[in-house]
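# Close look at the chain arrangement
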Amino acid sequence: MKELQAIIQAYDHYQTLDKKIALATVVHVDGSAYRRPGARMLVSEDGELTGAISGGCLEGDALRKAQSVIFQQKSMLVTYDTTDEDDQKFGVGLGCNGIIHVLIEPIDYQDASNSVNLLKTALSDRNVGTLITLFSIKNSRSEQVGTILLFKNGQQIGKLDQLEPNLLYQISSQANDKAQLSSLIKSYPEHDSIQVFFEKIKPATRLLLFGAGNDTIPLVQLADILGFEVILIDGRANQATQGRFPKAKEIVVAPANEAVEKLSIDSQTVALLMTHNFEYECVVLQQLVDFDIPYIGILGPKKKSEKMIHRLEINGVSVRKDHLYSPMGLDIGAEGSEEIALAVLAEIKAVLAGKTGSFLKEKEGPIHQELL
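Residues numbered from 1 in each chain as written. Predicted model: local features only at pLDDT ≥ 70, side-chain atom pairs only at ≥ 80, totals over all residues. Heavy atoms only, no water.

### What to know about the overall build of the protein
Counting its regular elements, the protein contains 9 helices and 16 strands. For a compact globule of 372 residues, the expected C-alpha radius of gyration is about 21 Å, and the protein comes in at 23 Å, within 12% of that figure. The C-alpha extent of the protein, read off along each of the three principal axes, is 65 × 45 × 40 Å. Within the structure as shown, the protein displays about 18400 Å² of accessible surface, and the carbon and sulfur contribution to it stands at 49%. Distance between charge centroids for the protein: 3 Å, based on 37 positive and 48 negative side chains. (Helix = DSSP H or I, 4+ residues; strand = E, 2+ residues; numbered from the N terminus. Rg over C-alpha atoms; globule rule 2.2 N^0.38 Å. Areas by Shrake-Rupley, 256 points an atom, 1.4 Å probe, with all protein chains shown as cover. Lys, Arg positive; Asp, Glu negative; His and termini not counted. Charge placed at Lys NZ, Arg CZ, Asp CG, Glu CD.)

This is the structure in structure tokens:
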């Protein structure tokens, strides 16, 4: 998410300078690779880079290809086969053992539906959108269609006239399938071997952080690095200040019985209870359980959360325990507020990604799940 925000910011800057640019996007991966489909890098005509499509091994060659795209004003699909033992052809030993397909598109500032403008629209509110990118591995030497459509809030935005009616119908049906919650890639052999990347663009994770003690300061700092949108809530006006928490997007000072009603909660929202005030957190938790929040973390020992749940249940409040994490955080032997922040944010990431937080060395096959 933070990478997309940086690309949009760089785009706006280059537009004011009227500097020519191109966008490189990983659209397909076979095997193992450092980045997965959806990774992006904005390239300026004078070689400035924003974002990344690999761990640094492909950027140099992709930069040269992007400058060629800027000069010719024609999109191209570049394939990097890192399964080849002779990967010194890229100037470094890659060692990724995968095949990476990167789409590089020239950006026309006058085109309201260029790929970056579509990204802007996708991130303009907190509703999930589906970004549509067309490419063809079979016809990789031909000019590529590229990123041309966005499905969001019941609308189709982009270059509808560039698609055959039947293909547009098939793409629309897939994009509007409410059961499809993750990104995927589909092939359409009957349409000149076109492949379509249906990319789910989700808003930044909104972190409702209840607690303005010293132990939450590093958590807010690390959450900001990860691109989380932090809303800090506390009843103590002298603690919950912008001076102490400059990276918080919003600070809410309110008593427990008024705190949650002041907040906006959606499917990309998580919550942490770190006030060290049992009574405050009981009142807050009673309000939070009314929402479908995928992660509610409670700082402290398990006995504390059990006591909170028992109090709510004897008062007739039903609590979904599968969304509660207490003690919160992955078991990494964390000591001190900085390490605890790392453990907690890693657990949030794992939960939202549907992962267990296990060791990668124990995983069979590629690190990233293939998009089907």
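### Things to note about the environment of Ser 326
As for its placement among the helices and strands, Ser 326 is situated in the loop between strand E16 (324–325) and helix H9 (336–353). Judged by relative accessible area, which is 15%, Ser 326 ranks as buried. Only 3.4 Å separates the side chain of Ser 326 from the backbone oxygen of Ile 298, close enough to count as a polar contact. In this structure the side chain of Ser 326 is engaged in a polar contact, spanning 3.1 Å, whose partner is the side chain of Ser 305. (Buried < 20%, exposed > 50% of the residue type's maximum accessible area, 1.4 Å probe, protein only. Polar contact = N/O pair within 3.5 Å; in protein donor to acceptor, adjacent residues only side chain to side chain.)

### Section: the pairing of strand E11 (residues 206–210)
E11 sits mainly inside the fold: 5 of its 5 residues count as buried. Alignment of E11 against strand E12 (residues 229–234), held across 5 bridges, turns out to be parallel. Looking at the pairing, Leu 208 lines up with Ile 231 of E12. You can see the chain leave E11, run along helix H5 (residues 217–225) and come back into E12, and the turn it takes is right-handed. Note: E11 against strand E14 (residues 269–273), 5 bridges, orientation parallel. Its bridge partner being in E14, Arg 206 is matched across the sheet by Thr 269. (Pairing = 2+ DSSP bridges. Right-handed = clockwise from strand over helix to strand, strands pointing away.)

### Concerning a positive patch on the surface
A contiguous patch of positive charge, built from Arg 36, Lys 349, Lys 355 and Lys 363, is present on the exposed surface. By secondary structure assignment, the location of Lys 355 is in the segment after H9. (Patch = residues over 30% accessible without salt bridge, like charges linked within 9 Å, V, L, I, M, F, W, Y side chains within 5 Å. Salt bridge = Lys/Arg side-chain N within 4 Å of Asp/Glu carboxyl O.)

### Let's talk about the UniProt feature "domain: XdhC Rossmann" (unreviewed entry) in the protein
Under the present numbering, the feature "domain: XdhC Rossmann" (unreviewed entry) in UniProt falls on residues 207–348. Between the end C-alpha atoms of residues 207–348 the distance is 10 Å, and the span holds 35% helix and 17% strand. (UniProt positions renumbered as here; feature names shortened; annotations may be inferred.)

### A short note on the environment of Thr 50
The topology assignment puts Thr 50 in strand E3 (residues 49–51). When the C-alpha atoms of Thr 50 and Gln 180 are compared, they prove to be 30 Å apart, with 130 residues separating the residues in sequence. Ignoring anything within four residues of it in the chain, the contact list for Thr 50 reads Ala 6, Ile 7, Ala 10, Tyr 14, Arg 40, Met 41 and Leu 42. (Contact = heavy atoms within 4.5 Å.)

### What about the nonpolar core?
If you look at the biggest cluster of nonpolar residues, it comprises 29 residues, and the most contacted ones within it are Leu 208, Phe 210, Ile 233, Leu 273, Val 284, Leu 285 and Leu 288. Elements with a contribution of two residues or more to this core: E11, E12, helix H6 (256–259), E14, helix H7 (278–288), strand E15 (296–298) and helix H8 (302–314). Looking at this core element by element, the count peaks at 6 residues for H7. Residue contacts for Leu 273: discarding those within four places in its chain leaves Phe 210, Glu 281, Val 284, Leu 285, Leu 288, Gly 297, Ile 298, Leu 299 and Met 308. (Core = buried A, V, L, I, M, F, W, Y, C linked by side-chain atoms within 4.5 Å.)

### Structural notes on the side chain of Gln 268
Here Gln 268 lies in the loop between H6 and E14. Taking the relative accessible area as the measure of exposure, Gln 268 reaches 15% and is therefore buried. Among residues more than four places away in sequence, those in contact with Gln 268 are Arg 126, Lys 202, Pro 203, Ala 204, Thr 205 and Arg 206.

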